[in-house]
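Listed here are the chains, written in short residue letters.
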Amino acid sequence: MNFKIGFGYDIHRLAEGEELWLGGLLIPHTKGSVGHSDADVVIHAICDAMIGALALGDIGSHFPDTDPQYKGIDSKVLLKHVYELINSKGWLIGNIDSTIVLETPKLRPHIDDMRNLLSSILTCDVSQISIKATTSEKLSYVGEEEGVKAYAVVLLQK
């Protein structure tokens, strides 16, 4: 089999006084994600998708939130580690498609920077990475600005 597909999902609560990291960027906002690491839902979903494509568990099994070495860690470090893991098994990124669900702030001004940053970490062309943003139309905890979530699908190729 020369291709494998993985799906990832992550969610974090939002709170005042926290930083909002998305796609490796610090996004200016009055609220940020609460988590053991920097709580970057985009990178976490992408990591889970890559790990899942190769049936290697999930992000929590590789970077447990019970391990103090991951407290406050930059998720870009985790992404780099996961990328090195899939490379060591002979796989490369075919493409990534990710969706962020967040009511505010508007993310359109940041998406190209996220794509460029992630493509540099994953040593692939920016055209291989799609990031989209949407709201939940004021529905649920995301619509009430209490949380942020992201989905990712990753195609790996030999």
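Residues numbered from 1 in each chain as written. Predicted model: local features only at pLDDT ≥ 70, side-chain atom pairs only at ≥ 80, totals over all residues. Heavy atoms only, no water.

### Points about the layout of surface pockets
Approximately 270 Å³ is the volume attributed to the largest pocket. Lining the largest pocket are 16 residues, with Ser37, His44, Ile59, Phe63 and Asp65 sitting closest to its centre. Elements with a minimum of two residues in the lining of the largest pocket: strand E1 (3–16), helix H1 (41–53) and helix H2 (59–62). Looking at the lining of the largest pocket, the element that brings in the most residues is E1, giving 3 residues. Taken together, the residues of the lining of the largest pocket break down into 7 nonpolar, 6 polar and 3 charged. (1 Å grid on protein atoms, 1.4 Å probe; cavity = no way out; pocket = protein on both sides within 12 Å on 5 of 7 lines; lining within 4 Å. Points joined across faces, edges and corners; volume = space filled by probe spheres on them. Helix = DSSP H or I, 4+ residues; strand = E, 2+ residues; numbered from the N terminus. Nonpolar A, V, L, I, M, F, W, Y, C, P; charged D, E, K, R; others polar.)

### Topic: the environment of Tyr70
Its place among the elements puts Tyr70 in the loop between H2 and helix H3 (75–88). Judged by relative accessible area, which is 13%, Tyr70 ranks as buried. Along the backbone, Tyr70 and Ser37 are 33 residues apart, and their C-alpha atoms lie at a distance of 6.0 Å. Look past the residues within four positions of Tyr70 in its chain and what remains in contact with it is His36, Ser37, His62, Phe63, Pro64 and Leu78. (Buried < 20%, exposed > 50% of the residue type's maximum accessible area, 1.4 Å probe, protein only. Contact = heavy atoms within 4.5 Å.)

### A closer look at a nonpolar patch on the surface
On the surface, a nonpolar cluster with roughly 470 Å² of combined accessible area is contributed by Ile5, Phe7, Tyr9, Ile11 and Val153. Examining the composition of the nonpolar patch, we find that 4 residues originate from one element, E1, more than from any other. With respect to the helices and strands, the residue Ile5 is situated in strand E1. (Patch = residues over 30% accessible without salt bridge, like charges linked within 9 Å, V, L, I, M, F, W, Y side chains within 5 Å. Areas by Shrake-Rupley, 256 points an atom, 1.4 Å probe, with all protein chains shown as cover. Salt bridge = Lys/Arg side-chain N within 4 Å of Asp/Glu carboxyl O.)

### A closer look at H3
Taking 1.5 Å as the rise per residue, H3 with 14 residues should run 20 Å; its terminal C-alpha atoms sit 20 Å apart, in good agreement. Restricting attention to buried positions, one finds in H3 the residues Ser75, Lys76, Leu78, Leu79, Val82, Tyr83, Leu85 and Ile86. Among the structural elements, strand E2 (20–22), H1, H2, strand E5 (92–101), helix H4 (108–121) and strand E7 (147–157) are those in contact with the buried residues of H3. With a side-chain oxygen lying 2.8 Å from the backbone nitrogen of Lys76, the N-terminal cap of H3 falls on Asp74. (Expected span 1.5 Å × (residues − 1). Polar contact = N/O pair within 3.5 Å; in protein donor to acceptor, adjacent residues only side chain to side chain.)

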